[in-house]
Structure formats: structure tokens, C-alpha cells
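A look at the structure
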Amino acid sequence: MALRGNLRDFSFTQILNLINLAQKTGMLTVEGPGEMARIYFRDGKLALALIGREENDLSAILARSRKITANQARVIRERTRMMTDKEVGLLLINAGYLSQKDVFDSLQLYSIEVIRRLFTWVEGIFQFDQTSPVPTGKIPVRIDLENLIMEGSRQLREWEQLQEEIPSLDMALKFTDRPGANLRHLNLNLEEWRVVRYVNPKNSMRQIAQATHMNDLEIRRIAYALLQAGVVEMVRPGGIPPVMPPRSLPPVNKEEHKSLIQRLINRIRSL
Amino acid sequence: MQNVKIVVTGPFNAGKTEFIRSVSEIDVVSTERKITAEAEKIKSSTTVAMDFGRITVDDELVLYLFGTPGQKRFDFMWEILSEGMLGFVVLVDSARPETFREARGILETFRAYAPTPYVVAANKQDCDDAWEAEDIRLALRLDPQVKLLPCVASQKETVKTVLLELLYSILESIETPAD
Ligand SMILES: Nc1nc2c(ncn2[C@@H]2O[C@H](COP(=O)(O)OP(=O)(O)OP(=O)(O)O)[C@@H](O)[C@H]2O)c(=O)[nH]1
Ligand SMILES: [Mg+2]
């Protein structure tokens, strides 16, 4: 079974969303036009992101985040040629050059930076491989995906796509009861907070837009980001009848209706 | 004589016709119709193809299976389709993630329109590139309680299972109406 596709059709943010919700472990490879990225996840958290042929050993990453100078990085690399990132990290920490926090901060920053670059890729083949763990020797970090998903979703501005994702503003939003979907951990912007205040199964998105003076595009964009991050889900507003109630069967009594369905069931079983 | 119907919908090429063909006792009849959008003047017409399949239950009851085109202009067909409709099957091509967005749109449209029971079938599970049903559930943002069934439209047994699961949901909805 595959989890494969093109970013054009299934965006990088949507992949992150899926990995987050399914709490997947494994490696995601994304092959862009000129570059390839490998991103590792553990239990739905970002563990490590590597891109292209870029120097991504620990000393290079520490230099990027200015924990050490480029010169120091070069010296370290020369002296630790046969060592893994884990060993180099331990060496630097034990020698008192850096704290463990310095090391983790740099690694986190680097992985997040790689993810941000991937948000800009519109084209690329992705594939998720559940059997590839973080390479031994590399130091995995643990970064929640929700905020990254919000960040990526905010970048979707295409009207047509948003309209396809959210066809009707007459639907309401409701907070999901999915464990882990916690608003407090999210870095929401001001506009998003304004919408969040009105999230309630009783308020349609149209009403929220009116209350917050947003146009159709703005409300859709924010709702989409919140949906993607798994914070809210769409529901039919409470108490309001569906646009067009199904004129299904003539209102026969319940028992007759049930017996009709039962006859259909028996017939289909016998096919 | 009573006619009831189940609507089979989903994005382009999802396998709707194949699905209906697998269980229909008549050759699936495809029709093309022109529908004019009153509200819009930009586009004068859209061609819509519908499939019909039939399963005779007994002397008094016939089940029709209606295959819709994709979601485009679906709103105009809702009235026609909802007449005597028991529920929906939403078919998704598991191997073509490029159609998931449209499938999500179809689902959201349905949910906005009516509380009719529906099931989602992850079709073409026999393809190498097919996504697993549970990944599709997340990609389509389906609630955990929505039934999502693996399916190979050309295999009658899986089609039967999908239809049966829908009918079981309909039975439940008679017991406990949602709205
Ligand atoms: N491998 C495989 N192929 C399938 C399956 N279901 C349908 N197909 C093939 O997919 C193609 C499209 O199937 P259709 O039944 O025409 O799809 P449709 O949804 O009616 O398409 P439109 O009416 O054009 O939107 C055909 O070539 C079918 O043979 C399946 O479960 N597995
Ligand atoms: Mg067809």
C-alpha cells in the first residue's frame, strides 16, 4: 500500500496534517524539481528534516544557528570525521563547549527551517515509508506539527481551492474533541483569535464573518487553517434545518420503512 | 410499485459506472443532459452524464442506482436526485490523491445539504498506488463514525458490502433520526 502523490494535488501541509492525525512513524521523501528532502517522523512528531545535498551534519547545523563559527565547524568536522552526530554532540557537551539545549535548539530550528522551505514547493513527488526510522547516529528532535500546519495553511490563498474545501459558509465550526488538539499550544494570529472566539455549533461561518467584518475569502482562509490544524471541524449549525431536506420516502410509519430496508438488504445479500 | 434509489457519486473516473454495473441487472444506461444555470450567465450549459442501474427486489419494490457526475453543478440536480433517495455512496479513487480535494468538496456539499445517510468507498484498492483506507479517512477529514469501506468496483462482493453497510446505516437512522 502506498502513501504517494504529487504536492500539486495533495499539499505538503495536508501531508503533515495526515501524519499528525495518524501519529505516523517513518520517512517522508519529497522530490522537488531540483531538490530532494527527507523528513523523519516519530509518533506524528517531526524528528528530523534533511534537504538536498546541503551540509547537514551537526557541526554545519550548529554553525547555521551561530552556536559555533564556520571555522570551528570546519575544525570539528575534520577532527570527528568518523563520528556520528550523536557522538559529536556528546563530545561538545562533555567538553563544555555547548549545552544540551544549544544542540537541541539548533537541530529544531534547522528542521523547522527545512519544513518552511517545503511549504513553498508547489510541485514534487512525495512518498511515505513506514519502515525507515531516523538514521542511527542522527539526533532526533520532537516537534509538534500543529503550529507548522497552521503556518503552512495560512499560505493557501487560492480562492477556487478554498471554495472547494469549504463550499458552504452556512456550515458552522465546532472545536474537535480529538485529544492533543489544544488551542493553547497554537500560535494563532489576531485574526484567527477573533474567529476562534465565535466558534460554536450555533454560529454559521457566514455569521462569524459578519461579526468579525471579514469577507468570504478571509473567513474561508482562517477556517481552512483551523480545520487543517485539526482544531475545528465543520458541522451543520444547530437548530437550522438542512438547506433542502431529503424528500425521501413518503412518510410511512417506521416499521414499514424498516421492513422495506430489510427487503433491500435481503435482496442485495442474495446477489 | 415503489421505486427507491441510492445515489453513487464521487469525482471523475472514481469508478461509479463500474460500481453500478457490478450489481445492476440491466446494462447501465448512461445519459447526457444539459442543465442551464439560472444564477450564472457566464456559462450557458454543462453536460451531465448520469448512470442508471436497477435491482428488482420483488413485485412491489425496485431499487435504482444513480451514478452522478462529479460535484460540479450538483446543486441543480439535488432536487431530482433527492426524490425517493435512501442514501449515498461516495466513491473515491484511492490511487489518485489529486481527486481527494474534490471528494472532500462533494462530501461537504452533501453534509451541508441534507442529513441523508452515506458511506464512503475507497475504490480501486487493487491498484499498487492505492492509499490505505485509514489514510484516506484523514485525507478526506471523515469523522470516525462515518463508514469508510475498501472497495474494488469490478468485484461484486465488495460492492455488495458497500451497499449493505449503507443500508445498515439507513436502518439505524430510522431508529435514531439525526435531525
Ligand atoms: N483497478 C481498478 N480499476 C477500476 C476500479 N473501478 C473502476 N476502475 C476503472 O477505472 C476507470 C473509470 O471507471 P468508471 O466506472 O468509468 O468511473 P466513473 O466514476 O463512472 O467515471 P466518470 O463517469 O467519467 O466520472 C475504468 O477504466 C474502470 O475500469 C477498481 O476498483 N479497480
Ligand atoms: Mg461514469
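Residues numbered from 1 in each chain as written. Chains lettered and ligands numbered in written order. Predicted model: local features only at pLDDT ≥ 70, side-chain atom pairs only at ≥ 80, totals over all residues. Heavy atoms only, no water.

With that settled, consider the pairing of strand β3 (residues 36–42) of chain A. Residue and element names in this part refer to chain A. Two elements, strand β2 (residues 26–31) and β3, share 6 bridges in a ladder whose sense is antiparallel. The partner of M27 across the bridge, within β3, is Y40. A loop of 4 residues connects β2 with β3, the two strands running antiparallel in sequence. Across 6 bridges, β3 lies against strand β4 (residues 45–51) in antiparallel orientation. Bridge pairing in β4 places R42 opposite K45. Linking β3 back to β4 in an antiparallel pair, the connection comprises 2 residues, with D43 at a positive phi of about 50 degrees. (Pairing = 2+ DSSP bridges. Helix = DSSP H or I, 4+ residues; strand = E, 2+ residues; numbered from the N terminus.)

Right, let's talk about the side chain of A:T13 for a bit. All names here are of chain A. Structurally, the position occupied by T13 is in helix α1 (residues 12–22). Looking at T13, the relative accessible area reads 7%, which means it is buried. Look past the residues within four positions of T13 in its chain and what remains in contact with it is F119, I149, G152, S153 and Q228. (Buried < 20%, exposed > 50% of the residue type's maximum accessible area, 1.4 Å probe, protein only. Contact = heavy atoms within 4.5 Å.)

It is worth spelling out the domain arrangement of chain A at this point. All names here are of chain A. We note that the domain assignment places domain 1 (3–153) and domain 2 (168–235) within chain A. The gap between the C-alpha centroids of domain 1 and domain 2 is 30 Å. Between domain 1 and domain 2, the residue contacts involve 10 residues of the former and 12 residues of the latter. Joining domain 1 to domain 2, the criterion identifies 0 salt bridges. Among the secondary structure elements, those contributing two or more residues to the side of domain 1 that touches domain 2 are α1 and α6 (146–154). Its residues assigned to classes, the side of domain 1 that touches domain 2 comprises 3 nonpolar, 6 polar and 1 charged. (Domains from an automatic or database assignment. Salt bridge = Lys/Arg side-chain N within 4 Å of Asp/Glu carboxyl O. Nonpolar A, V, L, I, M, F, W, Y, C, P; charged D, E, K, R; others polar.)

Residue and element names in this part refer to chain B. Relative to the elements of secondary structure, K124 occurs in the loop between β6 (118–123) and α4 (133–139). Sequence separation between K124 and D93 is 31 residues, and the spatial gap between their C-alpha atoms is 5.9 Å. Those residues in contact with K124 that lie beyond four places of it in its chain are N13, A14, D93, S94, A130, C151 and V152. A polar atom in the side chain of K124 sits 3.0 Å from the backbone oxygen of N13. (Polar contact = N/O pair within 3.5 Å; in protein donor to acceptor, adjacent residues only side chain to side chain.)

Turning to the pairing of strand β6 (residues 172–175) of chain A, a few remarks are in order. Residues and elements named next belong to chain A. As paired strands, β6 and strand β7 (residues 200–204) are joined by 2 bridges and run antiparallel to one another. Residue pairing in the sheet places A172 in a bridge with S204 of β7. Where β6 meets strand β8 (residues 232–235), 4 bridges bridge the pair, whose relative direction is antiparallel. Looking at the pairing, A172 lines up with V235 of β8.

Quick look at the pattern of salt bridges now. All names here are of chain A. What the rule picks out here adds up to 33 salt bridges over all chains. With a shortest N-O distance of 3.6 Å, K67 and D102 are connected by a salt bridge. Highlighted residues: K67 in the loop between α2 (58–64) and α3 (70–79) and D102 in helix α5 (residues 100–119), separated in sequence by 35 residues. Take K67: its relative accessible area is 33%, and that puts it in the partly exposed class.

So, about the nonpolar core. Buried together is how nonpolar side chains tend to be arranged in soluble globular proteins. Of all hydrophobic cores here, the largest spans 92 residues; its most connected members are A:F12, A:L28 and B:V120. The residue makeup of this core includes at least three contributed by each of domain 1 (3–153) and domain 2 (168–235) of chain A. If sequence neighbours within four positions are ignored, B:V120 has contacts with B:V90, B:V92, B:L107, B:L140, B:L142, B:V146, B:K147, B:L148 and B:L149. In this structure, B:V23, B:V89, B:V162 and B:L171 belong to the second largest nonpolar core, which totals 35 residues. (Core = buried A, V, L, I, M, F, W, Y, C linked by side-chain atoms within 4.5 Å.)

What follows concerns the environment of A:I139. Residue and element names in this part refer to chain A. Examined against the element boundaries, I139 turns out to sit in the loop between β5 (125–129) and α6. I139 sits in the buried class, given a relative accessible area of 12%. Note: C-alpha distance between I139 and G89 (50 residues apart in sequence) is 8.6 Å. Filtering out sequence-adjacent residues up to four positions away, I139 remains in contact with A47, L48, L58, D85, K86, V103, F104 and L107.

Attention now goes to the packing of α5(A) against α6(A). Residues and elements named next belong to chain A. Here α5 crosses α6 at 25 degrees, and the two axes come no closer than 10 Å. Judged by the inter-axis angle, α5 sits roughly parallel to α6. Crossing angle aside, the handedness with which α5 passes α6 is right-handed. Taken together, the residues of α6 that come into contact with α5 (itself represented by I112, I115, R116 and F119) are L148, E151 and G152. Of the residues in the contact of α5 with α6, the class split is 4 nonpolar, 1 polar and 2 charged. (Axes fitted to C-alpha atoms, helices over the stretch in contact; angles between N-to-C directions. Parallel < 35°, antiparallel > 145°, perpendicular 65-115°, else oblique. Left-handed = near helix turned anticlockwise from the far one by under 90°.)

Turning to α6(A), a few remarks are in order. A turn of α-helix holds 3.6 residues, and therefore any two residues three or four places apart point the same way. When we look at burial in α6(A), the residues that qualify are A:E146, A:L148, A:I149, A:M150, A:G152 and A:S153. Buried residues belonging to α6(A) abut α1, β4, α5, α8 (190–198) and α10 (216–228) of chain A.

Let's shift gears to the interface of chain B and chain A. Often, the extent of an interface is quoted as the loss of accessible area on bringing the components together. Contact residues are listed per partner, giving 57 residues for chain B and 49 residues for chain A. Where chain B abuts chain A, roughly 5,000 Å² becomes buried across the two surfaces, and 58% of that area is made up of carbon and sulfur atoms. Applying the counting criterion to the chain B and chain A interface returns 9 salt bridges. The residue B:D58 makes a salt bridge to A:R263 at a minimum N-O spacing of 3.1 Å. Counting residues per element, the ones that place at least two in the side of chain B that touches chain A are β1 (2–9), β3 (46–58), β4 (61–67), α2 (74–82), β5 (85–93), α3 (100–113), α4 and α5 (156–175) of chain B. (Buried area = accessible area lost by both parts, 1.4 Å probe.)

Let's shift gears to the side chain of A:N17. Tracing the backbone shows A:N17 in helix α1. Overall, the relative accessible area of 4% leaves A:N17 in the buried class.

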